[in-house]
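# Per-entry structural report
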Amino acid sequence: ADKVIKIGTLFPLTGSCALAGQRCQASVATAVEVINNSYPDIQVPLAGQEGILDGTRIELVHADHQGKPDVGKAEAERLFNQEGVYAIIGCYNSAVTKPASFVAERKKKLFMCGCSSSAALTQRGFSYFFRMAPTDQTESLEFVEVMHWLEKMKKANLKTVGLIYENSEFGKHAADEGKAAAAAGGFEVVADVAFSPGATNLNSEVQTLKAKNPDVVFGACLGGDYTLWVRTMKQMEWLPQAALNYCTGYQDPVITKQLGDDANYFMGGTGYSPEFAELMPAVAAVEKIYKQKTNPSVPFDSDSIQEAVAMFVLAQAIEKAGTLDYKVVAEALHADTWKSPLSLGGEVAFAPGGQNIKAKSLITQLQGGSYKRIYPTDLADTEVVFPMAAWTAR
Amino acid sequence: MAYLSVRNVSMAFGSLIANDDVTFDIEEGSIVGLIGPNGAGKTTLFNCISGICRPTAGTIHFDGVDITRSPACRTAGLGAVRTFQVVHPLQEMTVTDNVMVGAFLRHRKPAAARALANECISLCRLEDFCDKRAGSLTIGTKKRLEVARALATGARLLMLDEAMAGLTSTEVRESVELITHLKAKGLTLLVVEHIMEAIMPIADKLVVLDGGKKIAEGPPETIIRDERVVAAYLGAKFSRKMKSS
Amino acid sequence: MTTFMQVLLDGLMSGMLYALVAVGLGIIFGVMDVINFAHGEFLMVAMYVSYWLGFILRVDPLISMVAAGAFVFIVGALTYRLIIKHTIGKSAMSALLATFGLSMVLKNVCLNRFSPNFRLLSDTWLGGKTLTLAGLILPVPQLVIGIVSMAVVGCVYLLMSRTRLGWAIQATAMDKEAAELMGIDTERIYLLVFGLGGACVGIAGGLLPSHLAVHPEVGTLFGLIAFVIVAMGGFGSISGTLLAALLIGLVEALAGFYIAPVFKYVAVFGLYLVVVLLRPKGLFGW
Amino acid sequence: MKRGDTFWGLLLLILAVLPLVPGILASSFTQHVMILILLFAAMAQAWNILGGYCGQTSFGHSVFFGIGAYGAGMAVVTYHLAPWPGVILGALLAALVAMAISYPCFKLSGHYFAIATFAIVEIFNRLFMVWYWVGGALGLDYPLVDEGWRNFMWYEDKRFYYYGALILFTIVFGTVRWIESHRLGYYMRAVREGQEAAESLGVDSTRVKLAAIAISAFLTALCGAFFVQYNLRVDPSMVMSLDMSMKFVLITILGGLGTLAGPLLGAAVLIPLQEYSRALWGGLGGGVDLIVFGLLIVVVVVRQPKGIMGILNAIGRRRHR
Amino acid sequence: MKPFLSVNEIHSGYDGVPVVHGVSLEVFRGEMVCIIGANGAGKTTTMRTICGLLHPEKGTVRFKDQDISRLPASRTIRRGISYVPEGRRLFPKLSVSENLSLGAFIEKDKREIVRREEEVLTLFPVLRQRANQKAETLSGGEQQMLAIARGMMSRPELLMLDEMSLGLMPSLVEKVMETIVQVNAEGTTVLLVEQMVQEALEISHRGYVLQTGRIVQSGSAKELMKSDEVRKAYMGM
Ligand SMILES: Nc1ncnc2c1ncn2[C@@H]1O[C@H](COP(=O)(O)OP(=O)(O)OP(=O)(O)O)[C@@H](O)[C@H]1O
Ligand SMILES: Nc1ncnc2c1ncn2[C@@H]1O[C@H](COP(=O)(O)OP(=O)(O)OP(=O)(O)O)[C@@H](O)[C@H]1O
Ligand SMILES: [Mg+2]
Ligand SMILES: [Mg+2]
């Protein structure tokens, strides 16, 4: 007979984060496709066999939380109670992940989180919650490292930092971590610019940055706001020496098409990009499937790929535990280090609280429309362009 | 001091002076008619007394209390209640509910208010319309509703602004009877009316406004003979008719 | 000083764009007493029209704004015919409810058809160009949007105050039945007004894709600001709407720069409160 | 009157025994929907006091809702107490804030008032977004606490939430029922229908409106407190947003403005529609559930602009004839 | 002779609640006809049905031998019917002269409109002084005059007046009545609804008595004035 495990996905499929949510959903579906069917030529765990636990197939139940925590909580309950899912993967927005994973924890059922970046998520001491992506905190610390590195390598004189972020749970969180890290690294935060997402213009925001003229800008702008931000900076003829972005609009491959040359020389933390192919040879084949599930022109981005990782790691743990018993699987997840060709580090391992301690991100810089790796140096493939080339020099 | 005393009241809208130094008194228990050409300022004077407008000059006392600046709801609370020439029914409420709003001024308890409202409804012969939406009544009925509502507040001074306009002569007669009945019950009335057949027989005194100024004051018999009033207001035919009857 | 002037200029230019978005809402509001909750979504639809024309047929937004205006005119007229018409004179709030439903439908149909991707036209005639004038930077797209916007608002103003049609619209706004008795076909007027309101916001939306990304949620904040502008100017007053839009653009820019960007909408909405508390019928309202 | 009250009594009784009957309300999702219906009916009814009976369309109720929510949320999250003191404080504060902000706004009429409340929500939303003490944009997340009435918190069994919502519903509907038949109710409707006329009948319209908004805000805040207790989290965009405000308005209008049954009808139609359509189609992605939801709203309005009450009345009238 | 306006057995009402039950009446060219009846008898409803603000559920309205029962008001005025509604219905925010020009909305020639305005203002000199005042600030009586004046701006062939004496001072009622007679004498057919039964019958040729939605009596004005029922029911005698 057909044995089936149901897994729920819970992402913002509508509302202002719909773009990311739909990609994440497709990413999980891609992983399931690989797991359920036999793809012997894909170098990813479980790809070669059909299903797990001797042919048990995974079936996804999709749900939409619209970016609203209350809806997310209700949907998580529905997925567990009504749909009878074994575990949930989600929720992209940290604000929604919090109550939704709370539900799972109370039920002692698994909650796999791909890319929600709030550090607080893994500081709650949950034992059924696992997160793949690095947190804002990790990223912020990495940004500061990069700044020190630039000072050393490029003889740069970096003193001040400006922040621009959307005023939401995500942006605020990133900004708080960024501020703390910058201060700890000995930099002065001179501009703290929050804006309402979905802005009609970012004139005063950029004007403020321009007036304070920080050497480096940390940015946390999503989607359309990111392009608006870049364009407005161009209009106002201003650029910092370096711009470092959290996993945000920056790492959406679409921007290079829309902004053209204007997108270049911005930097950011990136968990994955098609240019990393040589580092992560296994991804290409998976990505082909992914592109079929969404838009053929859109590759994985570093958020969405984490959701696939979450699915793979969960499947591996179940396979290894050999049972569906939650406690056993959760303990197995904690106990082992998991092979994960789709992750930058190649491995996944969880600290108490569920944070993936092997999570890594690279600092990339857009050059000539592609994401070039510049830091850490051992993984770098390109020399950094610093300071950013002026608007007039492009 | 008189029951209602209007002293040197002026009301200006920008450059237009709608009431100009108007002074008159009303004795308790009397019926005073306020007449005058269209646009003479009668409604404006009502607005001033009832507190909807603040007069630009002058004072108004009601039962010894200065109400010149008191807001409409306080004036009504004191017992001086008016009806509107351009009717203001509470559209979506039923006739009974309309009247009950008035009745609640004196009775907190719904039951008591309802009883009073029903009484006023039958006084104004609105029984047939009790459960109709006030907005669906015809103009004439709305006018009667205005009166019923004002009555229900337990008013001691009732100010009627053309409450009989739009009624047939027979209905006017009934209204006149109502007014005399109210007077008998001890109410004081200030009545604006263009229907002379209605006002002449019952008024104890007429005050005539023209162009915002008071041009005459006195009992009806003398007023119909007043040249100025005839010229400005009544017109030859009506004054002939009035005199003959 | 230059910074101050620059901030003023930026504010003025966004104000001019707001004026065009708001004037469409304003005439619908003023004439029919209908809160069109889908107004922001009309803007979004127009932006999509212009985007697809630009993307597929390589038409520049400067040209496709006409098409976008016409398209949203039809959307507006249809909205009236199919929805608003049934609510007029029945219950004051039901039009609000219906247009809210409509905005939800429009938003999600676009999401469904065009995916939630944000889309931006590159290589437009205006895109990214700037002029520099006495140290002030004038971004060409915003400048042109501002000019077009002023022109359209001016035309609407003349239409409303100088033409027979304008009179008929005003009369209909005040008393529908009486207007009908004067021989005015109020049904047509309503249709026209809704279409016209749509066309205004359509033109605005048509111009935008050269510097603002299109996505299903793009209209929301514009719609919100437009409501405030219309009320601040005074319902039914086009000059009021214009003045309010410029004021709001300025306050947004000034507060955003001199107080803090997070507070710019606090200042904008605060300004509305201050204005209506001083003048309960808006700047130029009846 | 009498017959109406019997109807409500019976309805409450049925609602109260519903969870006791085995098999009914069995699934936790059905329970969830029932809870939301009761909660949103109560919210809409609280709004209805000001918006329906008193005729002051307010888009500002999410502010009061939010204050109530933050009251409970901060008591639990920030001060590690039971929610109750926060609930009471929040509700009182909401009433005070409501009176303070609306006193000047009552000078405004019609849409000017509506848009002013609109502006107030946006201002509060943005201020709360940056107000560190209340959690700012990060919001407040509930810790694990003991289950039970003391903490008003249950993690598995929804039945207690159901009874909580039912109590809330009864409080709000009872209050409105009482007001409706008493002087305040008549005065509120009078103010709605014509302020000048009401004033001339001795109604102090400002006081009536203040009373209406204070009661309305108090009840709304109670609903807000319930909402956070149920959702384990509070942040400004969840509770203090235009989106939330619209819910109050939509449900009431859909059901029937200024009627006692309207909010319940509105919630009973809108909430299941929203929840089940999402459960059914939400996972498909393309917002199909929201399209269907939006279309249905439009269709209802086009068919019967006076809301569901209008439909019922029309049916009733046909029957009588 | 064919009637100018003929109303045949119309049934009409609001929201499906019938108010008028089978009213028939005829008006001949050049006549002045008056409808009288108590409050709520359905006079206004009848008038609204004729001019097209309401449409009859049953029955027809024919004007100049054409069926106009289904035409909206904005079309009937083009056929020559002008209705001065009960309660004035002015455009409150527009000035007196703007109200007047809107009265001639169907006329496109601007000079012609000015000419007519001049004529009408001669009939109502009070309005001339207030030409630039907003209509809402006029006194009740002034508003009534403006409403009548506006109704005449379209040069109607059939002028329908609903309770035009409402709120007018006695001398003005007299004057307005004279004006109406004059307008009628100049060739405009007039259909009146009046509460001032005596005055109305004095100037009309014929009259109809409406009671709870039905015509209960009709005849020449003189007959009606002599009729006992009419005298008792409507003239308070
Ligand atoms: N709010 C206002 N603004 C400007 N002018 C006004 C206002 N209200 C009234 N007027 C003017 O004041 C004058 C007096 O008006 P009022 O309504 O008091 O007359 P009235 O005596 O009641 O006349 P009627 O018998 O026709 O009702 C009129 O000329 C009118 O145009
Ligand atoms: N808009 C409306 N909706 C519902 N019912 C209405 C409406 N207007 C009038 N009616 C009802 O229709 C009936 C007849 O009204 P109509 O206006 O024709 O009377 P009328 O003879 O003109 O009376 P009046 O002399 O008072 O003006 C009344 O019973 C009234 O309640
Ligand atoms: Mg008057
Ligand atoms: Mg009538």
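Residues numbered from 1 in each chain as written. Chains lettered and ligands numbered in written order. Predicted model: local features only at pLDDT ≥ 70, side-chain atom pairs only at ≥ 80, totals over all residues. Heavy atoms only, no water.

With an unreviewed UniProt entry as reference, chain E is termed ABC transporter ATP-binding protein, source organism Desulfosarcina widdelii. Within the UniProt record for chain E, the comment given under Sequence similarities (unreviewed entry) is "Belongs to the ABC transporter superfamily." (UniProt positions renumbered as here; feature names shortened; annotations may be inferred.)

The name an unreviewed UniProt entry assigns to chain C is Branched-chain amino acid ABC transporter permease, from the organism Desulfosarcina widdelii.

What follows is about the overall build of chain C. Helix and strand content of chain C: 11 helices and two strands. Taken from N to C terminus, the helices and strands of chain C fall in the order α-α-α-α-β-β-α-α-α-α-α-α-α. Relative to the compact-globule value of 19 Å for 286 residues, chain C shows a C-alpha radius of gyration of 19 Å, a close match. Across its three principal directions, the C-alpha atoms of chain C cover 60 × 50 × 35 Å. With 286 residues in all, chain C has 67% of them scored as buried. In chain C, the proportion of contacts linking residues at least 24 apart, taken out of those at least 6 apart, comes to 77%. Within chain C, the 12 negative side-chain charges are centred at a point lying 2 Å from the centre of the 15 positive side-chain charges. (Helix = DSSP H or I, 4+ residues; strand = E, 2+ residues; numbered from the N terminus. Rg over C-alpha atoms; globule rule 2.2 N^0.38 Å. Buried < 20%, exposed > 50% of the residue type's maximum accessible area, 1.4 Å probe, protein only. Contact = heavy atoms within 4.5 Å. Lys, Arg positive; Asp, Glu negative; His and termini not counted. Charge placed at Lys NZ, Arg CZ, Asp CG, Glu CD.)

Below, the discussion takes up the pattern of salt bridges. Taken as a whole, this structure holds 57 salt bridges over all chains when the rule is applied. With a closest N to O distance of 3.1 Å, Lys183(B) and Asp204(B) form a salt bridge. Taken together, the positions of Lys183(B) in helix H6 (residues 169-184) and Asp204(B) in the loop between helix H7 (196-202) and strand E9 (205-210) put the pair 21 residues apart, joining distant regions of the chain. Taking relative accessible area as the criterion, Asp204(B) reaches 36% and is therefore assigned partly exposed. Here the residues in one salt-bridge network are Glu107(E), Glu112(E), Arg115(E), Arg116(E), Glu119(E) and Arg155(E), joined through shared partners. (Salt bridge = Lys/Arg side-chain N within 4 Å of Asp/Glu carboxyl O.)

Here the focus is empty space enclosed by the protein. All names here are of chain B. Under the criterion given, the structure shown has 16 cavities of 30 Å³ or more. Estimates place the volume of the second largest cavity at around 160 Å³. For the second largest cavity, the lining is made up of 14 residues, of which Arg144, Val147, Leu167, Ser175 and Leu178 are closest to its centre. Every element with two or more residues in the lining of the second largest cavity is listed here: helix H5 (139-152) and H6. With five residues, H6 is the largest single contributor of residues to the lining of the second largest cavity. Counted by class, the lining of the second largest cavity contains nine nonpolar, one polar and four charged residues. (1 Å grid on protein atoms, 1.4 Å probe; cavity = no way out; pocket = protein on both sides within 12 Å on 5 of 7 lines; lining within 4 Å. Points joined across faces, edges and corners; volume = space filled by probe spheres on them. Nonpolar A, V, L, I, M, F, W, Y, C, P; charged D, E, K, R; others polar.)

So, about the coordination of the magnesium ion (ligand 3). Those donors, Thr43(B) (OG1) and Gln85(B) (OE1), are the protein atoms that reach the magnesium ion (ligand 3), and they lie 1.8 to 2.1 Å from it. A residue pair is termed long-range when its members are at least 10 positions apart, and Thr43(B) in helix H1 (residues 42-50) and Gln85(B) in the loop between strand E6 (80-82) and helix H3 (95-103) qualify at 42 residues. (Donors = N, O, S within 2.8 Å, 3.2 Å for Na, K, Ca; no water.)

Turning to the interface of chain D and chain B, a few remarks are in order. Interface size is commonly expressed as the accessible surface area that is lost when the partners come together. With 18 residues of chain D at the contact, the number on the chain B side is 26 residues. Both sides of the chain D and chain B interface together cover about 1,900 Å² of buried area, and 66% of this is carbon and sulfur. Ranking the residues of chain D by area buried against chain B places Arg183(D), Tyr186(D) and Leu201(D) at the top, with a combined share of 36%. Inspection of the chain D/chain B interface yields one salt bridge. A salt bridge links Arg189(D) to Asp97(B); the shortest N-O distance between them is 3.5 Å. Our enumeration of links across chain D and chain B arrives at seven residue pairs in polar contact (both at pLDDT 80 or more). Looking at the side of chain D that touches chain B, the elements with two or more residues in it are helix H7 (183-193) and helix H8 (195-200) of chain D. (Buried area = accessible area lost by both parts, 1.4 Å probe. Polar contact = N/O pair within 3.5 Å; in protein donor to acceptor, adjacent residues only side chain to side chain.)

For the rest of this paragraph, the subject is the packing of helix H4 (residues 110-123) of chain B against H5(B). All names here are of chain B. At a minimum axis distance of 9 Å, the contact between H4 and H5 shows a crossing angle of 140°. In terms of axis orientation, H4 runs oblique to H5. Between H4 and H5 the crossing geometry is right-handed. For the pair formed by H4 and H5, the contact residues are Leu116, Cys120 and Leu123 on the first element and Ala148, Leu151 and Ala152 on the second. (Axes fitted to C-alpha atoms, helices over the stretch in contact; angles between N-to-C directions. Parallel < 35°, antiparallel > 145°, perpendicular 65-115°, else oblique. Left-handed = near helix turned anticlockwise from the far one by under 90°.)

So, on to the sheet that holds strand E9 (residues 206-211) of chain E. Residues and elements named next belong to chain E. With mixed pairing, six strands are arranged side by side in an open sheet as E6-E7-E8-E3-E9-E10. Strands at the two margins of the open sheet, each flanked by one partner only, are strand E6 (81-84) and strand E10 (214-220). For this sheet, the mean inter-axis angle between neighbouring strands, taken without regard to orientation, is 15°. In terms of strand pairing, strand E3 (residues 32-37) meets E9 through five bridges, oriented parallel. Bridging from a neighbouring strand, Ile36 pairs with Val209 of E9. Along the sheet, helix H1 (residues 43-51) makes contact with E3, E6, strand E7 (158-162), strand E8 (189-193) and E9, crossing E7 at roughly 150°. (Pairing = 2+ DSSP bridges.)

Tallying the contact residues gives 45 residues for chain C and 40 residues for chain D. Of the roughly 3,800 Å² buried between chain C and chain D, counting both surfaces, carbon and sulfur atoms make up 82%. Contact with chain D buries surface across chain C, with Met93(C), Leu97(C) and Leu277(C) losing the most and accounting together for 16% of the total. Along the contact surface separating chain C from chain D lie zero salt bridges.

Turning our eyes to something else, we now look at the packing of aromatic side chains. For the structure on display, the rule yields 62 aromatic pairs over all chains. Ring centres of Phe102(A) and Phe126(A) lie 6.1 Å apart, and the angle between their planes is 80°; this geometry places the pair in the edge-to-face category. With Phe102(A) in helix H3 (residues 94-107) and Phe126(A) in the loop between strand E4 (110-113) and strand E5 (129-131), this residue pair connects regions lying 24 residues apart in the sequence. Both residues of the pair, Phe102(A) and Phe126(A), count as buried. Centre to centre, the rings of Tyr18(C) and Phe222(C) are 6.1 Å apart; their planes meet at 70°, and the pair counts as edge-to-face. Taken together, the residues span a long stretch of sequence, with Tyr18(C) in helix H1 (residues 2-32) and Phe222(C) in helix H9 (residues 219-233) at a distance of 204 residues. We note that Tyr18(C), like Phe222(C), is buried. (Phe/Tyr/Trp six-rings, centres within 6.5 Å; stacked < 30°, edge-to-face > 60°.)

Attention shifts here to the pairing of strand E1 (residues 4-13) of chain B. All names here are of chain B. Looking at chain direction, E1 and strand E2 (residues 16-26) are connected through seven bridges and run antiparallel. Along E2, the bridge assignment pairs Val9 with Val22. As paired elements, E1 and strand E4 (residues 57-62) share five bridges and run antiparallel to each other. Across the sheet, Ser5 pairs through a bridge with His61, a residue of E4.

Residue and element names in this part refer to chain B. If you walk across this open sheet you meet the six strands as E6-E7-E8-E3-E9-E10, and the pairing is mixed. Every other strand in the sheet has two partners, leaving E6 and strand E10 (213-218) as the edge strands with one partner each. Averaged over all adjacent pairs, the angle separating strand axes in this sheet is 15°, with direction ignored. Where E9 meets E10, five bridges bridge the pair, whose relative direction is antiparallel. Residue pairing in the sheet places Leu206 in a bridge with Gly218 of E10. In the packing of H1 onto the sheet, the strands contacted are strand E3 (31-35), E6, strand E7 (157-161), strand E8 (188-192) and E9, and the crossing angle to E7 comes to about 150°.

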